[in-house]
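Reading the structure
In case you want the letters, here they are:
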Amino acid sequence: MIFSQSLTSPLGHIWIEANEAGVTVVKFVDEIDAMANPSALTEQCCRELNAYFARELTTFTVPVAAIGTAFQQRVWQQLCTIPFGHAQHYGQIASALGQPTASRAVGMANGRNPVSIIVPCHRVIGKNGTLTGYAGGLLRKQKLLDLEGIPYR
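This is a predicted model, so every value here is computed, not measured.

This part covers the overall build of the chain. Along the backbone of the chain there are five helices and three strands. Secondary structure of the chain in N-to-C order comes out as β-β-β-α-α-α-α-α. Relative to its length of 153 residues, the chain is compact, with a C-alpha radius of gyration of 15 Å against a globular reference of 15 Å. Based on the C-alpha atoms only, the size of the chain along its principal axes is roughly 45 × 30 × 25 Å.

Residues annotated in UniProt with the feature "domain: Methylguanine DNA methyltransferase ribonuclease-like" (unreviewed entry) correspond here to residues 6–65. Overall, residues 6–65 shows 23% helix and 30% strand. The separation of its end C-alpha atoms is 18 Å.

On to the pattern of salt bridges, then. For the coordinates displayed, the defined rule picks out one salt bridge. With a closest N to O distance of 2.8 Å, Glu 148 and Arg 123 form a salt bridge. In this pair, Glu 148 sits in helix H5 (residues 138–148) while Arg 123 sits in the loop between helix H4 (103–111) and H5, placing the two residues 25 residues apart along the sequence. The pair Glu 148 / Arg 123 is uniform in exposure class, with both members buried.

Cut-offs and rules
Residues numbered from 1 in each chain as written. Predicted model: local features only at pLDDT ≥ 70, side-chain atom pairs only at ≥ 80, totals over all residues. Heavy atoms only, no water. Helix = DSSP H or I, 4+ residues; strand = E, 2+ residues; numbered from the N terminus. Rg over C-alpha atoms; globule rule 2.2 N^0.38 Å. UniProt positions renumbered as here; feature names shortened; annotations may be inferred. Salt bridge = Lys/Arg side-chain N within 4 Å of Asp/Glu carboxyl O. Buried < 20%, exposed > 50% of the residue type's maximum accessible area, 1.4 Å probe, protein only.

Structure representation (structure tokens):
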């Protein structure tokens, strides 16, 4: 069973999906879908996201059950080790995975992260400190980095 819920955040509407195991989707959307089917997990996700935007939460505890390849899963798990207020670049993540030449593959996996904010792909910036792509748009990425006090160019 798929559960779903929307949240209006300071950065726009967010759509959340979950199954019995955890949250599977957190993404920015243009419109709120009226066909929500909330659950305890989607409610917890909303509470934690609201606390994050209010600067009252720095570590998410809602279970995540993102669907992806084994490599994508490893990348997403590594992203979750980047602390609030810090950033890394693709090469650092690739090295942490024991695959220092896999920066591009890490970038591809980062771009396919289905659980935005919770799995903090926004904390990945260019090696020289510049902004890199973000599925939610660069303006949202800037605002998330600003919220966490992460410097960028």
